[in-house]
Amino acid sequence: MVLLKNRDIISILDFTKEEISYILDLSKKMDKQRHTDLLKGKILANLFFEPSTRTKLSFETAMKRLGGDVIGFDDPDKTSTAKGESLKDSVKIVEGYCDIIVIRHFLEGASRLAADTVNVPVINAGDGACQHPTQTFLDLYTIKNTKGGLEGLTVGFLGDLKYGRTAHSLAYALAHFNAEMFFISPPSLRIPKDYIEQLQSRGVSYHEVDSLSEVSSKLDILYCTRIQKERFADPVEYEKVRGIYKLSRTVLDNLKIGNDLKILHPLPRVEEMDESLDSTDYAVYFQQAHSGVPVREALLAALLGALQ
Amino acid sequence: MKKLEVSAIEEGTVIDQIASKSTFKVANILDIQNIDQVVLVGVNLSSKKLNKKGIIKIGGKQLTQEEVNKIALIAPDATLNIIKNSEVVRKFQVAIPDTLEGIVRCFNPNCVSNHQMIQSKFHVMNKNPIKIRCYYCERHMGGDDIELA
Ligand SMILES: [Zn+2]
């Protein structure tokens with residue numbers, strides 16, 4: 001039996017296959033019912049020490065759809081942190097104002113520290129280049145919805161696999177479901193050795209390749225990521241790889257594509273995915289973005305014990 | 001008669017079977033320059049197990065658990081001999097615990113443990129060769145990455 005009441009959502013590594021499946025089932029439930037009073041009288045504190053408008057809006061929407069209220073900030077310059085207050089003190093104070101905390105922070109592991117400090121549940125909404133587990137749950141939810149299941153899929157990860165945390169977490173999660181994985185990136189942006197070792201130890205079948213055309217015919221899912229300029233210390237290195245992958249309708253027409261390929265992207269996109277793709281059956285990335293709300297509703301309600 | 005390469009001590013601790021190149025790192029852990037009793041350090045001594053080994057003998061000193069944990073990280077083959085009245089009263093091999101708290105620094109400059117007043121914490125994934133995972137940022141560290149706090 002899966003119990004989520006009072007749990008924290010910090011890292012996808014904390015969740016078993018059974019728990020992941022259970023969360024996706026709850027998300028489906030929330031998708032079907034809108035505007036409930038499940039969390040009436042409860043308060044969510046959105047602590048965004050690093051701005052991320054979409055993630056913040058998505059949590060706000062989820063909480064409001066369940067009848068709850070939201071407090072918080074998204075301008076770290078104006079918080080006590082800017083005056084040198086410790087993270088522990090900040091969250092201890094906020095703990096007294098709310099029933100659940102969502103935290104986004106520029107330091108890696110900040111949400112783990114927050115969760116260890118307070119007694120209310122804590123949800124990690126992204127810390128540094130580290131984890132963003134609710135993104136992974138919504139990615140899985142989208143894949144499950146479009147494919148009818150998660151077991152045994154062939155999944156390609158395309159783009160910046162060195163710094164792309166969403167791809168890392170999704171690969172970890174899919175390792176539970178016997179996925180065959182293709183990591184498609186330029187050699188300079190390969191997935192880090194640590195992750196490969198972890199996947200190996202879990203018996204994942206994986207391949208590292210340079211170009212999409214080598215593997216496109218085999219894929220059920222193509223998970224694209226943006227090459228993030230801000231992650232490069234050296235702008236010359238960024239220029240070498242920017243725009244190396246440009247997906248468009250024409251590009252896909254010229255590739256051998258598996259039956260019913262679906263393309264996901266955590267968004268925002270820059271130049272790696274052309275708008276000509278949006279109207280094709282491949283594109284599920286807007287649906288994916290919208291999935292964030294029912295998935296977060298499910299998590300908020302489950303952690304607060306209103307849904308089991 | 002057996003030739004003694006490093007002379008014996010009457011009371012204290014002998015750390016034996018240190019990989020030769022790690023001997024001075026172990027000496028640093030024990031802060032030997034600030035010990036006022038006899039300290040003997042030998043390196044490149046012959047050893048069946050390690051080919052060449054280091055040995056440190058410290059008069060009058062009992063190691064703390066923290067010191068033992070640190071030595072285990074730097075010299076996983078080391079053995080400790082507790083000496084009383086010139087006799088070995090206890091002999092055991094150092095062991096790496098399953099979690100390391102406050103003794104290793106996370107090598108990730110963006111890790112919360114390097115910015116807030118908290119102890120670092122690591123989960124030991126593999127003991128030999130050593131592989132650890134930061135409890136906070138989940139980065140993996142091994143061999144040369146490991147820097148004592
Ligand atoms: Zn760390």
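For the structure itself, consult the block above.
Residues numbered from 1 in each chain as written. Chains lettered and ligands numbered in written order. Predicted model: local features only at pLDDT ≥ 70, side-chain atom pairs only at ≥ 80, totals over all residues. Heavy atoms only, no water.

### With respect to the side chain of Thr23(B)
Residue and element names in this part refer to chain B.
- Relative to the helices and strands, Thr23 resides in helix H1 (residues 23-29).
- For Thr23, a relative accessible area of 0% translates into the label buried.
- At 2.6 Å, the side chain of Thr23 and the backbone oxygen of Ser20 are in polar contact.
- Beyond its immediate stretch of four places on either side in the chain, Thr23 contacts Ile18, Val41, Gly42, Val43, Gly54, Ile55 and Ile56. (Helix = DSSP H or I, 4+ residues; strand = E, 2+ residues; numbered from the N terminus. Buried < 20%, exposed > 50% of the residue type's maximum accessible area, 1.4 Å probe, protein only. Polar contact = N/O pair within 3.5 Å; in protein donor to acceptor, adjacent residues only side chain to side chain. Contact = heavy atoms within 4.5 Å.)

### Remarks on the layout of surface pockets
All names here are of chain A.
- As a volume, the largest pocket reaches approximately 830 Å³.
- Elements supplying a minimum of two residues to the lining of the largest pocket: helix H2 (53-65), helix H5 (133-147), helix H6 (165-174) and helix H10 (285-303).
- Considering each element in turn, the lining of the largest pocket owes the most residues, 7 residues, to H10.
- For the lining of the largest pocket, a count of residues per class yields 9 nonpolar, 15 polar and 8 charged. (1 Å grid on protein atoms, 1.4 Å probe; cavity = no way out; pocket = protein on both sides within 12 Å on 5 of 7 lines; lining within 4 Å. Points joined across faces, edges and corners; volume = space filled by probe spheres on them. Nonpolar A, V, L, I, M, F, W, Y, C, P; charged D, E, K, R; others polar.)

### Some points on the interface of chain A and chain B
- Facing the 19 residues of chain A at the interface are 16 residues of chain B.
- Among the residues of chain A in contact with chain B, Leu107(A), Glu108(A) and Leu113(A) are the three that bury the most area, contributing 37% of the side total.
- Put simply, chain A and chain B have 3 salt bridges between them.
- A salt bridge links Arg112(A) to Glu138(B), with the nearest nitrogen and oxygen atoms 3.4 Å apart.
- Applying the counting rule to chain A against chain B returns 12 residue pairs in polar contact (both at pLDDT 80 or more). (Buried area = accessible area lost by both parts, 1.4 Å probe. Salt bridge = Lys/Arg side-chain N within 4 Å of Asp/Glu carboxyl O.)

That is the geometry; function is a separate question.
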